[in-house]
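# Results of the structural survey
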Amino acid sequence: MSLSTNPFPGDADRSAIWTMLVPRDIKAFVEADWSMVEDDFAADDFMGIHGNRSDNPDGWSISFPTLASYRDEWLRQAHESQKVEFAEDQEAGIHRATSLTEIEITGERALARKKFDGEIKLADGGVDRLNWQTLYLCRKIDGAWKLTGFIGYLPYPMGLPSSR
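Residues numbered from 1 in each chain as written. Predicted model: local features only at pLDDT ≥ 70, side-chain atom pairs only at ≥ 80, totals over all residues. Heavy atoms only, no water.

### A closer look at the side chain of Thr134
Heads up, the condition is: Secondary structure elements are defined from DSSP: runs of H or I of at least 4 residues count as helices, runs of E of at least 2 residues count as strands, and each element is numbered from the N terminus. Only protein chains enter the calculation, and the probe is 1.4 Å; a residue is then buried if its accessible area is under 20% of its type maximum, exposed if over 50%, and partly exposed in between. When checking whether two residues touch, look at their non-hydrogen atoms; a contact exists if any pair is within 4.5 Å.
Turning to its location among the elements, Thr134 is positioned in strand E5 (residues 127–141). Residue classification places Thr134 among the buried positions, given a relative accessible area of 5%. In contact with Thr134, not counting residues within four places along its chain, are Ala112, Arg113, Lys114, Phe116, Phe150, Ile151, Gly152 and Tyr153.

What follows is the structure in structure tokens.
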């Protein structure tokens, strides 16, 4: 059972994207099990952009030109996270901090806006602060939604003033 409530129960496409990016992604990360998510990617069409916590696109970089490069970093972060002693359930804490309520779909393409804003209590009395956002690029391939890339590690909220 998911620790979050799917905000798209009557929309098969958005529900599938939400399920891929929230409960499945969180569980796989906590368990450091890439096999749980590896089929969610369009490997030949993938690229990840690291926002470097900057709201200025000039500071963003193609840090993951291939799915393999992203997988290696994802696994590194997941294994590092497993070394942390939490005072509460990590998976529940990540769910609590995660919001994915905006998914734009045009034809066979989708843009999902996932935001993290919360804390997970640590065993030493501190907190693990989750505060960033990621834009996920998806494509429907053979009837299934796949991730083709992302622009991640962006500040949340963004601080860019409007130019209009």
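### Focus on the side chain of Gln90
Here Gln90 is to be found in helix H3 (residues 90–97). The buried category is assigned to Gln90, whose relative accessible area is 11%. In this structure Gln90 touches Phe29, Val30, Ser81 and Ile120, once residues within four positions along its chain are discounted.

### Some points on helix H2 (residues 67–82)
The condition that has to hold: To estimate how far a helix should extend, the number of its residues minus one is multiplied by 1.5 Å. The arc in question is traced by the directions running from the helix axis to the C-beta atoms.
The end-to-end C-alpha separation of H2 is 22 Å, in line with the 22 Å expected for 16 residues at 1.5 Å each. Here H2 has its buried residues at Leu67, Tyr70, Trp74, Ala78 and Ser81. Looking straight down H2, one finds that the buried residues subtend no more than 65 degrees of arc, so they occupy a single side. On its buried side, H2 packs onto helix H1 (12–31), strand E2 (61–64), H3 and strand E6 (144–154).

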